[in-house]
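Commentary on secondary and tertiary structure
For reference, the chains in residue letters:
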Amino acid sequence: MEKFKIEGCHKLYGEITISGAKNSALAILPASILAEKSCTIRNLPAIDDVTYLKELLRNLGAKTTDEDIDKVTINPAYINSFAVDFELAKKLRASYYFLGALLGKYKEAEVPFPGGCDIGVRPIDQHIKGLEALGVEIKLEHGIIKAKAKELIGASIYLDVVSVGATINIMLAACKAKGITTIENAAKEPYIVDTANFLNAMGANIKGAGTDVIKIKGVEHLSGCEHSIIPDQIETGTYMILAAVAKGDVLIKNVIPTHLESVSAKMREMGIEVIEYEDSIRIISNTRPKSVNIKTLPYPGFPTDLQQPMSVLLSIAEGTGIITESIYEGRFKHVDELKRMGAKIKVDGRVALIEGIEKLSGAPVCATDLRAGAAMVLAGLAAEGETIISNLNHIDRGYENLEDKLIHVGAKIKRVHETE
Ligand code: UD1
């Protein structure tokens, strides 16, 4: 077990380079199953979730060649099992993409009910509804989703909730289905466009990704391809907020600024200087920010994944701010940890009322989930004294080299073993 030790109140100056998008990688790695030949994927983030997915692919029989830390070639031609490993799959939410990918290629899949962060009830009924509409028969037995189809046939599917996972899973299954599949009320997150671009590079015919109506015309063959994953929107947003929390002047490189518009707008409202360049964003913050209200929404709204980091900025802002979490009802578990550091937050259901204070104070805290873990790092950087964060396994699932990137801009953060 490892912990972060952070000495707070040091301003940050310099550059941080963003890695490939976790949520794209988690869809694109399983999507490579659909190809007939090898796919090479570049700009992969070096995070634990990617390691688990590569292992899951190898367990199915695929050959993976790590050509570099951020580049892998996957040859799915050797896949000889359609049953995804139970213990490994439970470690991450995105294991559900094996359903769409295996069904699309082999018309058969056995996938454990997904794991991932504990941030409230996370049903997959919309995935199931979409797959059933394509002709898949689905049974849940002992925690395993068993899915089979004689033939996949294109259908019109309306999603009752805007779901990133269901949109991508249906897209994967529909690529090689007979006829045309239409997904209405589809999610519009950048990962959906990235995954559609990857599938189209293999020869799929997907139109409308990034809008709320996606049309997929089934094709017979999907060949291998090369693809470079887009920069991580959430990692970018985390470092933008972090720079504002710690204060200083930080240039965040290798980003797509339009993906962060909701975040930039809110930060500007708070009085923080956000300068957008073609592929970088500079954050300059020297004074105490002003409070704002935030409501999380599907893209292009304010991302739920940045709600927890943003709550740290509101904790030290001037005035009172309200966060309304409209995506996940259980995404305020980090609040108790922030309160240990002096934050004044009241949670009522999906709403958090945050009364800004001048300074947080360092304390031993726990990363209760991935983005909550990031929020604790932010809090530690802003706090007076020492903060010790445990449960780093959550953070390591989704942030590449977090402490190295931070040390590079002047943060005092150290990874230590439990005994130190
Ligand atoms: C993805 C992201 C996650 C992000 C979330 C919302 C990945 C691997 N993870 O998760 O980082 O926080 O989008 O932006 O890409 N829902 C249903 N039924 C379903 C599916 C979803 O009711 O079948 C609900 C969920 O409970 C949630 C909302 O829809 O309230 C959005 O969930 P969804 O977009 O599916 O999230 P994930 O794909 O799991």
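Residues numbered from 1 in each chain as written. Predicted model: local features only at pLDDT ≥ 70, side-chain atom pairs only at ≥ 80, totals over all residues. Heavy atoms only, no water.

1. Thoughts on the overall build of the protein
Worth spelling out the cut-off: Only runs of H or I of at least four residues qualify as helices and only runs of E of at least two qualify as strands under DSSP, and these elements are numbered from the N terminus. The reference for a compact globule is 2.2 Å times residues^0.38; the radius of gyration itself is calculated from the C-alpha atoms. When accessible area is computed with a 1.4 Å probe and restricted to protein chains, residues below 20% of their type maximum are described as buried, those above 50% as exposed, and intermediate ones as partly exposed. Two residues qualify as a contact provided that any one of their heavy atoms is within 4.5 Å of a heavy atom in the partner residue. Per-residue and other accessible areas follow the Shrake-Rupley method at a 1.4 Å probe size, with only the shown protein chains counted as cover for residues. Positive charges come from Lys and Arg, negative ones from Asp and Glu, while His and the chain ends are left out of the count. By convention, the point assigned to a charge is CZ for Arg, NZ for Lys, CD for Glu and CG for Asp.
When you go through the protein residue by residue, the secondary structure sums to 14 helices and 23 strands. Computed over its C-alpha atoms, the radius of gyration of the protein comes to 21 Å, within 12% of the 22 Å expected for a compact globule of 420 residues. Taking the principal axes of the C-alpha coordinates as reference, the protein spans close to 65 × 45 × 40 Å. Residues classed as buried in the protein amount to 57% of the 420 residues present. In the protein, once contacts between residues fewer than 6 apart in sequence are set aside, the share between residues at least 24 apart is 73%. Working note: accessible area of the protein is about 16200 Å², and carbon and sulfur atoms make up 49% of it. Considering the protein, the positive charge centre built from 49 side chains and the negative charge centre built from 55 side chains are found 2 Å apart.

2. Quick look at the nonpolar core
Note the threshold: We call a set of buried residues a nonpolar core when its members are Ala, Val, Leu, Ile, Met, Phe, Trp, Tyr or Cys and they connect through side-chain atoms within 4.5 Å of each other. Segment limits for the domains were obtained from an automatic or database-derived domain assignment.
Ranked by internal contacts, the top residues of the largest apolar core, which has 146 residues, are Phe98, Leu199, Met267, Ile283 and Val377. Two domains share this core, each providing at least three of its residues, namely domain 1 (2–18 + 231–417) and domain 2 (22–228). When neighbours within four sequence positions are excluded, Met267 is seen to be in contact with Met240, Ile241, Ala244, Ile272, Val274, Ile283 and Met310.

3. What about the packing of aromatic side chains?
Rules: Pairing of aromatic rings covers Phe, Tyr and Trp, the last counted by its six-membered ring, and requires centre-to-centre distances within 6.5 Å; plane angles under 30 degrees mean stacked, over 60 mean edge-to-face, and any other angle means tilted. Working rule: Lys NZ or Arg CZ, within 6 Å of ring centre, within 35 degrees of ring normal, means a charge sits over the ring.
If you walk through the whole model with that rule in mind, you get two aromatic pairs. Across from the ring centre of Tyr78, 4.2 Å away, lies the NZ or CZ of Lys63, which sits over that ring.

4. As for unusual backbone geometry
For the peptide bond that leads from Tyr299 to Pro300, omega is 10°, which places it in the cis range. Assignment of secondary structure puts Pro300 in the loop between strand E17 (294–295) and helix H10 (307–315). Even without being glycine, Asn43 reaches a positive phi, approximately 60°. Residue position: Asn43 is located in the loop between strand E3 (39–42) and helix H2 (48–60).

5. A word on the pattern of salt bridges
Heads up, the rule is: When a carboxyl oxygen of Asp or Glu is within 4 Å of a side-chain nitrogen of Lys or Arg, the pair counts as a salt bridge.
Counted under the stated rule, the structure contains 20 salt bridges. Between Arg288 and Glu358 there is a salt bridge, with its nearest N and O atoms 3.9 Å apart. Of this pair, Arg288 sits in the loop between strand E16 (280–285) and E17 while Glu358 sits in the loop between strand E20 (351–355) and strand E21 (364–366), and the two are 70 residues apart along the sequence. Judged by relative accessible area, which is 27%, Arg288 ranks as partly exposed. The shortest N-O distance in the salt bridge between Asp396 and Arg415 comes to 2.9 Å. In this pair, Asp396 is assigned in helix H13 (residues 392–396) and Arg415 in strand E23 (residues 412–417), connecting sequence segments 19 residues apart. Judged by its relative accessible area of 26%, Arg415 falls in the partly exposed class. One connected set of salt bridges, linked through shared partners, spans Glu2, Asp396, Glu403 and Arg415.

Fair warning: the whole summary comes from geometry, so function is off the table for now.
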